[in-house]
Amino acid sequence: MAMLAAGFVLLAVFLLHTQGALGASMRNELDTWLHRKPPVATPPASAGGHWAPVAAGAKLVTGFGWQGQGATARWNPQVVLRVSPHTSVWAGVNGRVVSRTAHQIVLQPGRGLTLRESGLTDIQVSVGERVAPATLVATGTEGRIALVLWDQGLPVNPLAPAFFGSGWVTAR
């Protein structure tokens, strides 16, 4: 590891003192390589809701509401979607990032709404940042995304037509 660090230092010193087109070209290549961002896909088109879809190729795993019947029934306040681990994830809404952990973000789109997107990897946004529907919030997932939406503190279906809509999600 020390050898690698020493090699970078020597390369940096060389590039700083190299004159001419070769030095400029090498500095540009090194700068591009060091500051490279992952390729970004285009957000999926809206499909029936007022908000934009958060990921392409999503398949419904668990829907919102009561799951099961009788004594085994349980309430599920979220929607779980299966996606590829390398799927880009977008905000889907205009709002502000109010919380961020290693694998989830919480957005406030306004009007008393709070949206949690979890199952994310390589999160690209920070707390306090304003986002738009096409803002890239993560460049990967854990294979599933969970969406939880609260209206004035009460859980509501994020795939309802008033929010994301369900046209962009494939059935199980």
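Nothing here was measured: the structure is a model prediction, and the numbers come from that model.

Caption draft 1: Fine view of the pairing of strand β4 (residues 79–82). When strand β1 (residues 59–62) meets β4, the two strands line up antiparallel, connected through three bridges. Residue pairing in the sheet places T62 in a bridge with V80 of β4. Pairing analysis gives four bridges linking β4 to strand β10 (residues 136–151), with the strands arranged antiparallel. Bridge pairing in β10 places R82 opposite R144.

Caption draft 2: Region of the structure containing the environment of R116. You can see R116 is positioned in strand β8 (residues 113–123). Along the primary structure R116 and Q104 are separated by 12 residues, whereas in three dimensions their C-alpha atoms are 7.0 Å apart. When sequence neighbours within four positions are dropped, the list of residues in contact with R116 reads Q78, Q104, I105, V106, A146, L147, V148 and W150.

Caption draft 3: Highlighting the nonpolar core. With 30 residues, the main nonpolar core has L81, L107, F164 and W168 as its most contacted residues. Only β4, β7 (104–110), β8 and β10 provide two or more residues apiece to this core. Per-element tally for this core: the top contributor is β10, with five residues.

Caption draft 4: Region of the structure containing the pairing of β7. The pairing of strand β6 (residues 95–100) with β7 spans four bridges and is antiparallel. Looking at the pairing, S99 lines up with V106 of β7. Taken together, β6 and the strand that follows it, β7, pair antiparallel across an intervening segment of three residues. As defined by bridge partners, β7 adjoins β8 across five bridges and the pair is classed as antiparallel. Note on β8: the bridge partner recorded for G110 is L113.

Caption draft 5: The arrangement of the side chain of Q67 in detail. Turning to its location among the elements, Q67 is positioned in strand β2 (residues 65–67). Residue Q67 is classed as buried on the basis of its relative accessible area of 19%. Within the structure, the side chain of Q67 is placed 3.3 Å from the backbone oxygen of G65, a separation counted as a polar contact. Once you skip the residues sitting within four places of it in the chain, Q67 turns out to touch T62, T72, A73, R74 and N76.

The rules behind each value
- Residues numbered from 1 in each chain as written.
- Predicted model: local features only at pLDDT ≥ 70, side-chain atom pairs only at ≥ 80, totals over all residues.
- Heavy atoms only, no water.
- Pairing = 2+ DSSP bridges.
- Helix = DSSP H or I, 4+ residues; strand = E, 2+ residues; numbered from the N terminus.
- Contact = heavy atoms within 4.5 Å.
- Core = buried A, V, L, I, M, F, W, Y, C linked by side-chain atoms within 4.5 Å.
- Buried < 20%, exposed > 50% of the residue type's maximum accessible area, 1.4 Å probe, protein only.
- Polar contact = N/O pair within 3.5 Å; in protein donor to acceptor, adjacent residues only side chain to side chain.

Purely spatial values, then, with no claim about function.
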